[in-house]
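Close look at the chain arrangement
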Amino acid sequence: MAWLVAVVLLAEALGIAAVNWLLGMVADRQRMSLAGLDPDVMATSSKVGAVVFGLYFAFCALVALLVAVRDRAPAGLGRVLLISAAVVNALLGAVAWGLRGPADFLVLMAVFALIVLLLMTYDRPRDAGARPAGDTPGQGGTPVAAPEPAPTSTPTGDAQGRPADTGKITRTAPTTP
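Owing to the predicted nature of the structure, the values given are computational and were not obtained by experimental measurement.

A short note on the overall build of the chain
Across its full length, the chain holds four helices and zero strands. Counting from the amino terminus, helix and strand elements in the chain follow one another as α-α-α-α. Residue burial in the chain is summarised as follows: out of 177 residues, 24% are buried. Taking the contacts inside the chain whose residues are at least 6 apart along the sequence as the reference set, 59% of them involve residues at least 24 apart.

Listed below in structure tokens is the structure:
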């Protein structure tokens, strides 16, 4: 899955960079202006946008490639980049629906779905911990309850240890198996 996302994001990086660079060249060669803006500024900003967005999606593809190679969930900045890439694809899809039509919208939503699927499939840790002795995978075993954690304060939660009527306190139950 992560390999596919890496390839798709790299293709998207090249595509976005190429389209923005082409628009910059067209604006420069035809001396186009939008609402009185300087044509040189428009051409330069489009080319800068091509480089910035191309590098952004290429870096997101690198994060997906690292996820594929390491077979671990992305963490920290990598996870933030993939989430932001998913949001950008969703927003581009919404704009594409209005400007280009449903075909481009569906392509961008497919990329969005792939990124979200990558984030969701690598969400859980693979190793939940060491197995008890005699517990082999696939053969079942007797369930073992986890030991009760040691209290860190008095039953009232009072750090000074002042006495309280502990008969009226309801103990909390653990939420993990």
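Considering the pattern of salt bridges
Under the criterion given, the structure shown has one salt bridge. A salt bridge links R100 to D104; its shortest N-O distance comes to 2.6 Å. Looking at R100, the relative accessible area reads 65%, which means it is exposed.

Remarks on the packing of aromatic side chains
For the structure on display, the rule yields two aromatic pairs. Ring centres 5.0 Å apart and planes at 65 degrees place the aromatic pair Y56 and F57 in the edge-to-face group. Looking at F57, the relative accessible area reads 1%, which means it is buried. With a centroid separation of 5.0 Å and an interplanar angle of 80 degrees, the aromatic rings of W97 and F105 are classed as edge-to-face. Positioned above the aromatic ring of W21 is the side chain of K47, whose terminal nitrogen or guanidinium carbon lies 5.3 Å from the ring centre.

Observations regarding a nonpolar patch on the surface
A grouping of W3, F59, L62, L65, L66, V69, L77 and V80 is seen on the molecular surface, where their side chains present a nonpolar patch of about 760 Å² in accessible area. Counting only elements with at least two residues in the nonpolar patch, the list comes to α2 (39-70) and α3 (77-99). No other element matches the five residues that α2 contributes to the nonpolar patch. Of note, W3 is situated in helix α1 (residues 2-29).

Quick notes on the nonpolar core
The tendency in soluble globular proteins is for nonpolar side chains to be buried side by side. Ranked by internal contacts, the top residues of the largest apolar core, which has 23 residues, are V5, L9, L82, I115 and L118. At the level of elements, α1, α2, α3 and α4 (102-121) are the ones that each hand at least two residues to this core. Excluding anything up to four places from it in sequence, L118 contacts M1, A2, V5, A64, V67 and L82.

Structural notes on α3
Taking 1.5 Å per residue, 23 residues should reach 33 Å; α3 reaches 32 Å between its end C-alpha atoms and fits that length. When α3 is considered as a whole, its buried residues turn out to be G78, L81, L82, A85, A86, N89, G93 and A96. Turning to α3, the residues buried within the fold contact α1, α2 and α4. After α3 finishes, the residue G101 shows a positive phi value of roughly 120 degrees.

The rules behind the values
- Residues numbered from 1 in each chain as written.
- Predicted model: local features only at pLDDT ≥ 70, side-chain atom pairs only at ≥ 80, totals over all residues.
- Heavy atoms only, no water.
- Helix = DSSP H or I, 4+ residues; strand = E, 2+ residues; numbered from the N terminus.
- Buried < 20%, exposed > 50% of the residue type's maximum accessible area, 1.4 Å probe, protein only.
- Contact = heavy atoms within 4.5 Å.
- Salt bridge = Lys/Arg side-chain N within 4 Å of Asp/Glu carboxyl O.
- Phe/Tyr/Trp six-rings, centres within 6.5 Å; stacked < 30°, edge-to-face > 60°.
- Lys NZ or Arg CZ within 6 Å of the ring centre and 35° of its normal.
- Patch = residues over 30% accessible without salt bridge, like charges linked within 9 Å, V, L, I, M, F, W, Y side chains within 5 Å.
- Areas by Shrake-Rupley, 256 points an atom, 1.4 Å probe, with all protein chains shown as cover.
- Core = buried A, V, L, I, M, F, W, Y, C linked by side-chain atoms within 4.5 Å.
- Expected span 1.5 Å × (residues − 1).

Worth remembering: the numbers are spatial, not functional.
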